[in-house]
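If you want the building blocks of each chain, they are given just below.
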Amino acid sequence: MEGYIKFKPHWTAAPALPYEQIEEINRWRTEVYRLGLIGAYPDGIGYGNISVRLDAGGRFLISGSATGDLPELDARHYCVVQSADPERNTVVCEGPVVASSESMSHAAIYGECPEVCAVIHAHHRELWRRLLHRIPTARAEVTYGSPEMAGEIVRLLRETDLRRTKIFVTAGHEEGIFAFGASLEEATWRLRDEIKHIFLE
Ligand SMILES: [Zn+2]
């Protein structure tokens, strides 16, 4: 499932960023991990990733590939995505790890929505089942992390109320959920709010 990089990463190895620069994203990442939305399956394969916008040009900081299983991350587990090009299927990134395999999807959201500053890709079986085809849903034939997924996300942002509701699921990527917002807090809250409904019913 997760961990297979579909795009061609143009990765430049670079030292970890100073801790102050990853402190906020890391705090929210730990929170999302505790909610079970980032984590690992019994076979050890990790899932979920988180990013935060760095500038208006679309650069963003994202958790690294295959880090979902780790309860706590540090600066060595984050990298900067400089640019993503779905047409060429390339992601240019720099840091101590390769960018998450979902980087192209995160980039699609930042590129389409200047107001969005944080994106979370989570997995949650029950939430996914409940939300599938009830909220904006990426078509089943679109595989995760692909240029087609980037195009599908842009389609949802333009053709549905997703830009306002800030959460969608992926039919072809089981348990996959994306939430976003103007801040890491808002993106996390968006997921939390949906989980809350499960327990209220
Ligand atoms: Zn996933």
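You'll find the structure just up there.
This is a predicted model, so every value here is computed, not measured.

Draft legend 1. Structural context of the overall build of the protein chain. Scanning the protein chain from terminus to terminus reveals six helices and 11 strands. In terms of overall size, the protein chain behaves like a compact globule, its C-alpha atoms giving a radius of gyration of 15 Å where 201 residues would be expected to give roughly 17 Å. The principal-axis extent of the C-alpha atoms belonging to the protein chain is close to 45 × 35 × 35 Å. Per-residue burial for the protein chain yields a buried fraction of 54% across its 201 residues. Looking at the protein chain alone, contacts between residues at least 24 apart form 66% of all its contacts between residues at least 6 apart. Put simply, the protein chain shows about 9,200 Å² of open surface, and 52% of that area lies on carbon and sulfur atoms. Looking at the protein chain, you have 22 positive and 29 negative side-chain charges, and the mean spots of the two groups are 3 Å apart.

Draft legend 2. Just unusual backbone geometry, in detail. Of note, the phi angle at Ala 66 is positive, near 55 degrees, even though the residue is not glycine. For Ala 66, the position within the fold is in the loop between strand S5 (60–63) and strand S6 (78–85). Taking the relative accessible area as the measure of exposure, Ala 66 reaches 63% and is therefore exposed. Backbone geometry at Asn 89 places phi at a positive 60 degrees, although glycine is not the residue there.

Draft legend 3. The arrangement of the environment of Leu 37 in detail. Along the chain, the position of Leu 37 falls in the loop between helix H1 (19–34) and strand S2 (39–40). Judged by relative accessible area, Leu 37 falls into the buried class, the value being 0%. It is 23 Å that separates the C-alpha atoms of Leu 37 and Gln 21, two residues lying 16 residues apart in sequence. Ignoring anything within four residues of it in the chain, the contact list for Leu 37 reads Val 32, Tyr 47, Gly 48, His 121, Ala 122, His 123, His 124, Leu 191 and Ile 195.

Draft legend 4. Quick peek at helix H6 (residues 184–200). In a regular helix each residue adds 1.5 Å, so 17 residues correspond to 24 Å; H6 covers 24 Å between its end C-alpha atoms and thus fits that length. All of the buried residues along H6 are Leu 184, Ala 187, Thr 188, Arg 190, Leu 191, Asp 193, Glu 194, Ile 195 and Ile 198.

Draft legend 5. Seen up close, the packing of H1 against H6. Contact geometry for H1 and H6: axes closest at 10 Å, N-to-C directions at 5 degrees. Relative to H6, the element H1 lies roughly parallel. In this structure, H1 contributes Glu 24, Ile 25, Trp 28, Glu 31 and Val 32 to the contact, and H6 contributes Leu 184, Glu 185, Thr 188 and Arg 192. For the contact of H1 with H6, the class distribution of residues is four nonpolar, one polar and four charged.

Draft legend 6. Local environment of a negative patch on the surface. A surface patch of like charges, here negative, comprises Glu 20, Glu 23, Glu 24 and Glu 185. Looking at the negative patch element by element, the count peaks at three residues for H1. Relative accessible area serves as the criterion here: at 62%, Glu 20 is assigned to the exposed category.

Draft legend 7. Here's a closer look at the pattern of salt bridges. Tallied over the full model, the rule gives 18 salt bridges. Here Glu 141 and Arg 139 are joined by a salt bridge, their closest N and O atoms 3.5 Å apart. Of the residues examined, Arg 139 reaches a relative accessible area of 38% and is grouped as partly exposed. A salt bridge links Arg 139 to Glu 152; its shortest N-O distance comes to 3.1 Å. In this pair, Arg 139 sits in the loop between strand S9 (137–138) and helix H4 (147–159) while Glu 152 sits in helix H4, placing the two residues 13 residues apart along the sequence. For Glu 152, a relative accessible area of 2% puts it in the buried group. Salt bridges sharing common partners tie together Arg 139, Glu 141, Glu 152, Arg 155 and Glu 159.

Draft legend 8. Seen up close, the sheet that holds strand S4 (residues 49–53). The sheet built from nine strands is open, its strands ordered S1-S7-S6-S5-S4-S8-S11-S10-S9 with mixed pairing. Two strands bound the open sheet, and with one partner strand each, they are strand S1 (8–13) and S9. Of the pairings in the sheet, the one linking S9 to strand S10 (residues 167–170) comprises two bridges and is parallel in character. Each bridged residue has a counterpart across the sheet, and for Ala 138 the counterpart in S10 is Thr 170. On the sheet, H1 packs against S4, S5, S6 and strand S8 (118–123) and is oriented at approximately 145 degrees with respect to S4.

Here is what the cut-offs are and how they apply
- Residues numbered from 1 in each chain as written.
- Predicted model: local features only at pLDDT ≥ 70, side-chain atom pairs only at ≥ 80, totals over all residues.
- Heavy atoms only, no water.
- Helix = DSSP H or I, 4+ residues; strand = E, 2+ residues; numbered from the N terminus.
- Rg over C-alpha atoms; globule rule 2.2 N^0.38 Å.
- Buried < 20%, exposed > 50% of the residue type's maximum accessible area, 1.4 Å probe, protein only.
- Contact = heavy atoms within 4.5 Å.
- Areas by Shrake-Rupley, 256 points an atom, 1.4 Å probe, with all protein chains shown as cover.
- Lys, Arg positive; Asp, Glu negative; His and termini not counted.
- Charge placed at Lys NZ, Arg CZ, Asp CG, Glu CD.
- Expected span 1.5 Å × (residues − 1).
- Axes fitted to C-alpha atoms, helices over the stretch in contact; angles between N-to-C directions.
- Parallel < 35°, antiparallel > 145°, perpendicular 65-115°, else oblique.
- Nonpolar A, V, L, I, M, F, W, Y, C, P; charged D, E, K, R; others polar.
- Patch = residues over 30% accessible without salt bridge, like charges linked within 9 Å, V, L, I, M, F, W, Y side chains within 5 Å.
- Salt bridge = Lys/Arg side-chain N within 4 Å of Asp/Glu carboxyl O.
- Pairing = 2+ DSSP bridges.

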